[in-house]
Amino acid sequence: MFELDHKVALVTGAGAGLGQAIACGLAEAGARVVVTARSMAKCRETVAQIQDKGQSALAVVLDVSQRSSVEAACTEVVVRWGALDILVNSAGIAARGAALDYPESEWDRIIATNLKGTFLCCQVAGRQMARQMRGKIINIASIGSMIAYPGSIAYLASKGGVAQLTKGFAVELASFNIQVNAIAPSLFDTGMAARTRPDPGAREYFMTRTPVGRLGQPDEVVGAAVFLASEASNMVTGHILAVDGGYLAN
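My aim in this report is to walk through the structure given alongside it, one point at a time.

Definitions and limits used
- Residues numbered from 1 in each chain as written.
- Predicted model: local features only at pLDDT ≥ 70, side-chain atom pairs only at ≥ 80, totals over all residues.
- Heavy atoms only, no water.
- Helix = DSSP H or I, 4+ residues; strand = E, 2+ residues; numbered from the N terminus.
- Buried < 20%, exposed > 50% of the residue type's maximum accessible area, 1.4 Å probe, protein only.
- Contact = heavy atoms within 4.5 Å.
- Salt bridge = Lys/Arg side-chain N within 4 Å of Asp/Glu carboxyl O.

## Digging into the environment of Ala73
Move 1: One can find Ala73 in helix H3 (residues 67-81).
Move 2: Overall, Ala73 belongs to the buried group, its relative accessible area being 2%.
Move 3: A C-alpha to C-alpha distance of 20 Å links Ala73 and Val180, two positions 107 residues apart in sequence.
Move 4: Those residues in contact with Ala73 that lie beyond four places of it in its chain are Leu10, Val60 and Leu62.

## Notes on the environment of Leu62
Move 1: Residue placement: Leu62 occurs in the loop between strand E3 (57-61) and H3.
Move 2: With relative accessibility at 4%, the residue Leu62 sits in the buried group.
Move 3: Considered as a pair, Leu62 and Ala72 are 10 residues apart in the sequence and their alpha carbons are 8.5 Å apart.
Move 4: The residues contacting Leu62, other than those within four sequence positions of it, are Leu10, Thr12, Thr36, Ala37, Arg38, Ser69, Val70 and Ala73.

## Examining the pattern of salt bridges
Move 1: What the rule picks out here adds up to 8 salt bridges.
Move 2: A salt bridge links Lys7 to Glu231; the shortest N-O distance between them is 3.6 Å. Placement of Lys7 in the segment before strand E1 (8-11) and of Glu231 in the loop between helix H8 (222-229) and strand E7 (240-243) is noted, with a sequence separation of 224 residues between them.
Move 3: With a relative accessible area of 21%, Lys7 lands in the partly exposed category.

Geometry only, nothing functional implied.
See below:
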């Protein structure tokens with residue numbers, strides 16, 4: 001039920017962090033993986049990790065905030081491998097700042113990538129999946145889709161939107177045999193976390209509120225992604241799956 005043999009997966013933001021871990025995990029489960037990011041060098045790093053294990057991967061540059069880029073990437077996938085079975089929307093950015101002083105330019109940048117980018121990828125890939133009458137879409141939301149914390153007003157708004165996009169697409173695409181779900185991580189030990197929360201106090205805020213008492217590791221999100229990409233989740237759609245060490249239960 002959890003094998004992904006002969007499936008084709010496109011993962012955005014796969015050059016590092018959670019996206020990279022998920023891309024490698026889907027490949028291990030048998031999928032042919034299209035690794036996308038804004039940087040070809042980053043894409044190739046992930047592709048090399050996958051190919052070193054004898055698995056199939058393709059590097060494609062993708063700017064999720066641009067429709068033409070999304071359409072070109074999806075077309076390349078279908079021309080190369082004949083289908084698009086799985087989409088993982090992991091491309092995301094963050095920038096901290098007080099809500100009353102938050103720069104409009106940073107707001108626009110984060111919304112364009114995290115929210116608009118997820119919408120565009122869901123829409124363009126969803127059209128291909130609708131033609132196939134099958135597909136799995138997995139969005140990367142956040143615990144910030146459901147709760148709030150200081151210094152992250154644009155990120156919180158974008159991820160709240162991702163949760164609602166997930167539910168909206170799930171309802172509209174169900175008749176095409178497409179399941180749309182999201183994973184909501186807590187704070188994970190990634191490059192983005194290191195850049196946006198470099199001081200120990202900022203990380204302590206999360207760790208003291210997380211029952212497991214630590215940051216997540218990127219590999220710990222892979223099981224949820226494989227489940228949601230597999231036939232095992234055919235009756236699961238519109239769901240936000242928290243991978244948060246118990247944060248939301250506390």
